[in-house]
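Each chain, written out:
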Amino acid sequence: MQLSGVGLWSSQLRYGNPAEAAEAAAELDGLGYSALWIPDVGGPVLDSVDNLLTATEKTVIATGILNLWMHEPADVAARYAALTEAHGDRFLLGIGVSHAPLIDSTEPGRYRKPLAATKAFLDGLDAAAQPVPTSNRVLAALGPKMLQLSATRAAGAHPYLVTPDHTKTAREVLGDGPLLLPEQTVVLTDSRDEASAIGKDWLRSYLALPNYANNLLRSGFTEDDVSSVSDRLFDAIIAWGDEDAIKRRVDEHHAAGADHVCVQVITADPQEFPREQWRRLAAALL
């Protein structure tokens, strides 16, 4: 599976009304997005994958990511085989180790040795009766060790909440060949005040998670940038402006070594499907 171009990352396609998600996915398939990415913070994520695969004909459906603490690898492999048999080779299994505050909130102390946990999950996929092909799975990866694992035990990496500079560094770690599929959050507005009103609290919620905060510190941002959600950090993580501004940021990721960029549109209403914004971006990016 060789992804290129631009896709969409959407919580609405995962957690919104399934019928509306299917209708939106069919339109996005027709618009030409190469992949649709959905998160997993609990619940039947593979049912959502099935719903989106059923609604589309060409677009890859990807988990961004499947939370490895919430699934058994043998079950995932069996369901993967069934979905690909039913829908063809369009399911990209993105796997991630999630975050300690989320996992430990229900079972204190469970989150430990994330790299070892990821390797063990991959071992389980490989040992299944119908293994998930290495070529059809990617890993959520920010730091060098997880990026290296992405290059050796998966088809590549899916970094989230990153800058084009991180994409450049990730490509250097991965080398040529492995897929690099970063997420890019965007707000379609020409107003900094509106962009901040939509994006600052959204970003602050992610910065409370150590994996993201530590990655940004490694990337050259300061403790003050992270704690205050500085304009410098905000502008680096969230691309805001008109379609041309969004295209410039996506192009920066591609120039830095990304094979495919999945764009996440955020708006004032996180429950609403941003279908008009998706259409506008399709006209500019595809």
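Residues numbered from 1 in each chain as written. Predicted model: local features only at pLDDT ≥ 70, side-chain atom pairs only at ≥ 80, totals over all residues. Heavy atoms only, no water.

- If you check an unreviewed UniProt entry, the protein chain appears there as Putative F420-dependent oxidoreductase, MSMEG_4141 family from Mycolicibacterium aurum.

Topic: the overall build of the protein chain
In step 1: Looking only at helices and strands, the protein chain features 14 helices and 11 strands.
In step 2: Here the protein chain has a C-alpha radius of gyration of 18 Å; the compact-globule value for 286 residues is 19 Å, and the two agree.
In step 3: Referenced to the eigenvectors of the C-alpha coordinate spread, the extents of the protein chain come out at roughly 55 × 40 × 40 Å.
In step 4: The buried share of the protein chain, reckoned over its 286 residues, is 55%.
In step 5: Here the protein chain has roughly 11900 Å² of accessible surface; of this, 51% comes from carbon and sulfur atoms.
In step 6: Distance between charge centroids for the protein chain: 6 Å, based on 24 positive and 38 negative side chains. (Helix = DSSP H or I, 4+ residues; strand = E, 2+ residues; numbered from the N terminus. Rg over C-alpha atoms; globule rule 2.2 N^0.38 Å. Buried < 20%, exposed > 50% of the residue type's maximum accessible area, 1.4 Å probe, protein only. Areas by Shrake-Rupley, 256 points an atom, 1.4 Å probe, with all protein chains shown as cover. Lys, Arg positive; Asp, Glu negative; His and termini not counted. Charge placed at Lys NZ, Arg CZ, Asp CG, Glu CD.)

A short note on the environment of A151
In step 1: Assignment of secondary structure puts A151 in helix α7 (residues 144–153).
In step 2: In this structure A151 comes out as partly exposed when scored by relative accessible area, which is 28%.
In step 3: Separated by 29 residues in sequence, A151 and L180 place their C-alpha atoms 9.6 Å apart.
In step 4: Not counting residues up to four positions away in its chain, the partners in contact with A151 are L174 and P178. (Contact = heavy atoms within 4.5 Å.)

Describing a nonpolar patch on the surface
In step 1: Taken together, the side chains of Y15, V41, M70 and L102 define a hydrophobic patch exposed on the protein surface, amounting to about 340 Å² of accessible area.
In step 2: Among the structural elements, L102 can be located in helix α5 (residues 100–104). (Patch = residues over 30% accessible without salt bridge, like charges linked within 9 Å, V, L, I, M, F, W, Y side chains within 5 Å. Salt bridge = Lys/Arg side-chain N within 4 Å of Asp/Glu carboxyl O.)

Looking at the packing of helix α2 (residues 18–31) against helix α14 (residues 275–285)
In step 1: Their axes nearest at 11 Å, the elements α2 and α14 cross at an angle of 10 degrees. Viewed along their axes, α2 and α14 adopt a mutual orientation that is roughly parallel. Here E20, E23, A24, E27, L28 and L31 of α2 lie close against α14, whose contacting residues are R275, W278, R279 and A282.
In step 2: For the contact of α2 with α14, a count of residues per class yields 5 nonpolar, no polar and 5 charged. (Axes fitted to C-alpha atoms, helices over the stretch in contact; angles between N-to-C directions. Parallel < 35°, antiparallel > 145°, perpendicular 65-115°, else oblique. Nonpolar A, V, L, I, M, F, W, Y, C, P; charged D, E, K, R; others polar.)

Side note on the packing of aromatic side chains
In step 1: Counted according to the given criterion, the structure contains 6 aromatic pairs.
In step 2: Plain terms: the ring middles of Y160 and Y206 are 5.3 Å apart, the flat faces sit at 45 degrees to each other, and that makes the pair tilted. With Y160 in the loop between β7 (156–157) and α8 (164–174) and Y206 in helix α9 (residues 192–207), the pair connects residues that are 46 residues apart, well separated along the chain. Of the two residues examined, Y160 and Y206, each falls in the buried class.
In step 3: Ring-pair connections join several aromatic residues into one group, and the members of that group are W9, Y160, W202, Y206 and Y212. (Phe/Tyr/Trp six-rings, centres within 6.5 Å; stacked < 30°, edge-to-face > 60°.)

Observations concerning unusual backbone geometry
In step 1: Cis geometry is found at the peptide bond from G64 to I65, where omega equals 10 degrees.
In step 2: Positionally, I65 belongs in the loop between β3 (60–63) and β4 (66–67).
In step 3: The backbone of L161 shows a phi angle near 65 degrees, a positive value even though the residue is not glycine.
In step 4: For L161, the position within the fold is in the loop between β7 and α8.
In step 5: Owing to a relative accessible area of 1%, L161 belongs among the buried residues under this scheme.
In step 6: Backbone geometry places V229, a non-glycine residue, at a positive phi of 50 degrees.

Comments concerning the nonpolar core
In step 1: Within the largest apolar cluster, 59 residues are counted, with the highest numbers of intra-cluster contacts made by L13, Y33, L93, L125, V263, W278 and L281.
In step 2: Top contributing element to this core by residue count: helix α3 (residues 45–55), with 5 residues.
In step 3: If sequence neighbours within four positions are ignored, Y33 has contacts with V6, G7, L8, L28, T59, W278, L281, A282 and L286.
In step 4: Membership of the second largest hydrophobic core comes to 36 residues, among which are V60, L142, F234 and I238. (Core = buried A, V, L, I, M, F, W, Y, C linked by side-chain atoms within 4.5 Å.)

What about the environment of Q264?
In step 1: Tracing the chain through its elements places Q264 in strand β11 (residues 260–265).
In step 2: You can call Q264 buried: its relative accessible area is 5%.
In step 3: C-alpha separation for the pair Q264 and G7, spaced 257 residues apart in sequence, amounts to 8.8 Å.
In step 4: With sequence-adjacent residues up to four places away left out, Q264 is seen in contact with W9, Y160, E183, Q184, T185, V186 and W202.
In step 5: Polar contacts involving the side chain of Q264 include one to the side chain of E183, which spans 2.9 Å. (Polar contact = N/O pair within 3.5 Å; in protein donor to acceptor, adjacent residues only side chain to side chain.)

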